[in-house]
Amino acid sequence: MSRRVEDLHPLMRPLVERFLRSCVKEGIDLLVTCTYRSDEEQARLYAIGRTKPGRRVTNAKPGQSMHNFRFNGKPASLAVDVVPLRAGKPVWGTTGADLALWQKVGKLGEAAGLEWAGRWTRFREFPHFQHPDAKHVRSGVN
């Protein structure tokens, strides 16, 4: 699993860089937790809550996640996962002040041109942002 911005798709990277700069400008310390993820890593995550113990963390099978994309034979993720930090500690909570922080992070990501999974209704993921046309980019239509 990669946390490197360099492992983002060329169309995704400037959006994420803009998002990260906006967070710095707003005084939000943000940690990138995942950019590119291999199919093997995706399979391990997909098994959680299915064949492995724990709560489901993804609905995407290997090759379906926007984190699994490769372009010209190289990692080229169309998604990024992040977590805001408060006093150096990750903020995973989603109520009260934690929710307010996530909402601010989500708005900054959207203002940078990203789609925020915190708005999804089927499988809401506050840490997940992806290219707004990720499905078209994956299929070669951009």
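## Focus: the nonpolar core
- Formed by 24 residues in total, the largest nonpolar core has its most connected members in Phe-19, Val-82, Val-105 and Phe-129.
- Counting only elements with at least two residues in this core, the list comes to helix H1 (13-25), strand S1 (29-34), strand S4 (79-86) and helix H3 (96-111).
- Once residues lying within four places of it in the same chain are set aside, the contact partners of Val-82 are Phe-19, Leu-30, Leu-31, Val-32, Thr-33, Trp-102, Val-105, Pro-127 and Phe-129.
- Grouped together as the second largest cluster of nonpolar side chains are seven residues, Phe-69, Leu-78, Ala-79 and Ala-134 included.

## Re the pairing of S4
- In terms of residue burial, S4 counts as a mostly covered element, since seven of its eight residues are buried.
- Strand direction decides the pairing type here: S4 and strand S7 (residues 128-130), joined by three bridges, are antiparallel. Directly across from Asp-81, in S7, lies its bridge partner His-128.
- Between S4 and strand S5 (residues 89-90), which follow one another and run antiparallel, lie two residues, and Ala-87 among them has a positive phi close to 55°.

## Here we look at the environment of Ser-2
- With respect to the secondary-structure elements, Ser-2 resides in the segment before H1.
- Expressed as a C-alpha distance, the spacing of Ser-2 and Phe-19, which sit 17 residues apart in the sequence, is 18 Å.
- With residues near it in sequence (within four places) discarded, Ser-2 still touches Asp-7, Thr-33, Cys-34, Thr-35 and Tyr-36.

## Describing the pattern of salt bridges
- For the coordinates displayed, the defined rule picks out six salt bridges.
- In this structure, Arg-37 and Asp-81 form a salt bridge, with 3.3 Å as the shortest nitrogen-oxygen distance. Taken together, the positions of Arg-37 in the loop between S1 and helix H2 (39-47) and Asp-81 in strand S4 put the pair 44 residues apart, joining distant regions of the chain.

## Thoughts on unusual backbone geometry
- Backbone geometry places Asn-72, a non-glycine residue, at a positive phi of 55°.
- For Asn-72, the position within the fold is in the loop between strand S2 (70-71) and strand S3 (74-75).
- Residue classification places Asn-72 among the exposed residues on the basis of a relative accessible area of 67%.

## Digging into the side chain of Asn-68
- Following the sequence through the fold, Asn-68 ends up in the loop between H2 and S2.
- Of note is the side chain of Asn-68, whose polar atom sits 2.7 Å from the backbone oxygen of Arg-37.
- Discounting chain neighbours no more than four positions away, the residues touching Asn-68 are Tyr-36, Arg-37, Ser-38, Asp-39, Gln-42, Lys-61, Pro-62 and Gly-63.

## As for the packing of H1 against H3
- Two numbers describe how H1 lies on H3: the axes approach to 8 Å, and their chain directions differ by 135°. In terms of orientation, H1 lies oblique with respect to H3. The two elements H1 and H3 meet at a crossing, and its hand is right-handed. Counted together, Phe-19, Ser-22 and Cys-23 of H1 and Val-105, Leu-108 and Gly-109 of H3 form the full contact between these two elements.
- Partitioning the contact of H1 with H3 into residue classes produces four nonpolar, two polar and no charged.

## With respect to H3
- With 16 residues, H3 extends 23 Å between its outermost C-alpha atoms, agreeing within 8% with the 22 Å of an ideal straight helix rising 1.5 Å per residue.
- By the burial criterion, the buried members of H3 are Asp-98, Leu-101, Trp-102, Val-105, Gly-106, Leu-108 and Gly-109. With its buried residues spanning 160° around the axis, H3 presents them on a single face. Residues of H3 that are exposed and point more than 90 degrees away from the buried face comprise Gly-96, Ala-97, Lys-107 and Ala-111.
- Those residues of H3 hidden inside the fold are in contact with H1, S1, S4, strand S6 (115-116) and S7.
- Looking one or two residues past H3, Gly-113 carries a phi angle of roughly 105°, positive in sign.

Rules of the game
- Residues numbered from 1 in each chain as written.
- Predicted model: local features only at pLDDT ≥ 70, side-chain atom pairs only at ≥ 80, totals over all residues.
- Heavy atoms only, no water.
- Core = buried A, V, L, I, M, F, W, Y, C linked by side-chain atoms within 4.5 Å.
- Buried < 20%, exposed > 50% of the residue type's maximum accessible area, 1.4 Å probe, protein only.
- Helix = DSSP H or I, 4+ residues; strand = E, 2+ residues; numbered from the N terminus.
- Contact = heavy atoms within 4.5 Å.
- Pairing = 2+ DSSP bridges.
- Salt bridge = Lys/Arg side-chain N within 4 Å of Asp/Glu carboxyl O.
- Polar contact = N/O pair within 3.5 Å; in protein donor to acceptor, adjacent residues only side chain to side chain.
- Axes fitted to C-alpha atoms, helices over the stretch in contact; angles between N-to-C directions.
- Parallel < 35°, antiparallel > 145°, perpendicular 65-115°, else oblique.
- Left-handed = near helix turned anticlockwise from the far one by under 90°.
- Nonpolar A, V, L, I, M, F, W, Y, C, P; charged D, E, K, R; others polar.
- Expected span 1.5 Å × (residues − 1).
- Arc of directions from axis to C-beta.

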